[in-house]
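Listed here are the chains, written in short residue letters.
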Amino acid sequence: MKDVVALVTGASRGVGRGIALALLAEGATVHVTGRTLSEPKASQGGKSAGSLEGLALEAAALPGTVVLHRCDHSSDAETERVAEEIRAGNRLDILVNNAWPGYENMVENGDFTWPRPFWEQPVWRWDAMIGTALRAAFMTSRAVAPMMIPARRGLIVNISFWAAQLYEGNAIYGIGKAATDKMVADFAHELRPHNVAAVSLYPGLVRTEAVLENAEYFDLSNSESPEFIGHVIAGLWRDPALMSKSGRVLVAAELGREYEIADVDGYRPVPLTAADFSKS
């Protein structure tokens, strides 16, 4: 993918960081956004788990080129600035909308507010997931689609999850992910004449920093590395039948099997279905 240019939002940690590293390992030029440019661990030479400069240190040995953009996607102006900087290079092939604030402060004043019913949910969580995360996916796509349309090739990926279809313990989260999937379906309809694809991509249980910090609460036997979904996105890009998948909800592990992509440790994750979640 040495001639591919990608943008991954929310890439300083978690799934976004893994996607960026996977695309860099495939040789792509990867623009990344995040709210945290640097932190003490990075400046002291250690591996930072939560900054763009930490990501750059980790990516230094990879064949791709990383371009850092400090960006708070709650600001449309900052989102547009990133798009303008990418437009200066006259090309963008892949957009991954991953930035998703709203997981912060699950415990407030000693109270675990995440599973509260919707009438007791803090309003800030709506503002973070709908007003910032969902809006950022729309505004970033809106800003970069005009770069893909003249090239008659492009891929927009929204990172989503089963909460779009099933109750996953928080109504705001479910509303946001359902809207994420609907956004992809309508984007795909409007982009199809231009040969640009849009998909929603569901990861499984990902071994992010937060999950590993609380590993005793998770069954990691069928988990995925943060890089796995990035290699799946690379497989999507190479798929000659990509347009037939446009507008659809796709499960990363299913695509991994279709494209014969193993995780970084050689494991091939088993695809989860709606039935797996309905049991919980």
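Refer to the structure above for everything that follows.
As a convention, each chain's residues are numbered from 1 in the sequence order in which they are written. The predicted nature of this model means local features are confined to residues of pLDDT at least 70 and side-chain atom pairs, given and counted, to a pLDDT of 80 or more, with totals for whole chains, interfaces and linings taken over all residues. With hydrogens and water excluded, all non-hydrogen atoms of the structure serve as input to the side-chain values.

1. Some words on the overall build of the protein chain
What counts here: Secondary structure follows DSSP: runs of H or I at least 4 residues long count as helices, runs of E at least 2 residues long count as strands, and numbering of each begins at the N terminus. Our radius of gyration looks at C-alpha atoms and nothing else; its globule reference is 2.2 Å times the residue count to the power 0.38. Residue contacts follow a heavy-atom distance rule, with two residues in contact if any of their heavy atoms lie within 4.5 Å. Areas reported as accessible are Shrake-Rupley estimates using a 1.4 Å probe. Residue values count occlusion only from the protein chains shown. Within this scheme the basic residues Lys and Arg register as positive and the acidic residues Asp and Glu register as negative, but His and the chain ends are omitted. A single reference atom marks each charge: NZ on Lys, CZ on Arg, CG on Asp, CD on Glu.
Counting its secondary structure elements, the protein chain contains 11 helices and nine strands. Relative to the compact-globule value of 19 Å for 280 residues, the protein chain shows a C-alpha radius of gyration of 18 Å, a close match. With respect to the three principal axes, the spread of C-alpha positions in the protein chain is 50 × 45 × 40 Å. In the protein chain, of all internal contacts separated by at least 6 residues, the share reaching a separation of at least 24 is 68%. Split by element, the accessible area of the protein chain, about 12,800 Å² in all, is 55% carbon and sulfur. Charge centroids of the protein chain, computed over 26 positive and 34 negative side chains, lie 5 Å from each other.

2. Concerning the side chain of S141
Where we set the bar: Working definition: with a 1.4 Å probe on protein chains only, accessible area under 20% of the residue-type maximum means buried, over 50% means exposed, and in between means partly exposed.
With respect to the helices, strands and loops of the structure, S141 is situated in helix α5 (residues 123-148). Residue classification places S141 among the buried positions, given a relative accessible area of 3%.

3. Some points on unusual backbone geometry
Even without being a glycine, R152 presents a positive backbone phi close to 55°. Within the secondary structure, R152 sits in the loop between α5 and β7 (154-159). Judged by relative accessible area, which is 45%, R152 ranks as partly exposed.

4. As for the pairing of β7
Test applied: For two strands to pair, DSSP has to find at least two bridges joining them. Handedness is read with the strands pointing away from the viewer; a crossover is right-handed when the path from the first strand over the helix to the second is clockwise.
Counting buried positions over the six residues of β7 gives six, a clear majority of the element. Here β7 shows a buried face lined by G154, I156 and N158 and a second buried face lined by L155, V157 and I159. Bridging between strand β4 (residues 94-97) and β7 involves four bridges; their strand directions are parallel. Paired with N97 across the bridge in β7 is N158. Summarising the sheet, β7 and strand β8 (residues 196-202) pair through six bridges and their orientation is parallel. In the strand pairing of β8, I159 is matched with L201. In this view, the connection linking β7 to its parallel neighbour β8 by way of helix α6 (residues 171-191) has right-handed handedness.

5. Thoughts on the pattern of salt bridges
Inclusion rule: Salt bridges are defined as contacts in which a side-chain nitrogen from Lys or Arg sits within 4 Å of a carboxyl oxygen from Asp or Glu.
Scanning the entire structure with this criterion turns up 15 salt bridges. Residue E26 pairs with R238 through a salt bridge whose shortest N-O separation is 2.9 Å. Remark: R238 occurs in helix α8 (residues 228-238) and E26 occurs in the loop between α1 (14-25) and β2 (29-34); sequence separation between them is 212 residues. One salt-bridge network, in which partners are shared between bridges, spans R70, E78, R81 and E85.

6. Looking at the packing of aromatic side chains
Heads up, the condition is: Side-chain rings of Phe, Tyr and Trp, where Trp is taken by its six-membered ring, are said to pair if the distance between their centres is within 6.5 Å; with planes under 30 degrees apart they count as stacked, over 60 as edge-to-face, and otherwise as tilted. Ring-over charges, as used throughout, are those where CZ of Arg or NZ of Lys falls within 6 Å of the ring centre and within 35 degrees of the ring normal.
Applying the stated criterion across every chain yields a total of four aromatic pairs. On the basis of an interplanar angle of 85° and a centroid distance of 5.1 Å, the ring pair of F118 and W119 is categorised as edge-to-face. Each member of the pair F118 and W119 is classed as exposed. Ring geometry for F138 and F187: centres 6.1 Å apart, planes at 40°, overall tilted. Taken together, the residues F138 in helix α5 and F187 in helix α6 connect sequence positions 49 residues apart. The ring of W237 has R153 sitting right over it, with the charged end atom 3.8 Å from the ring centre.

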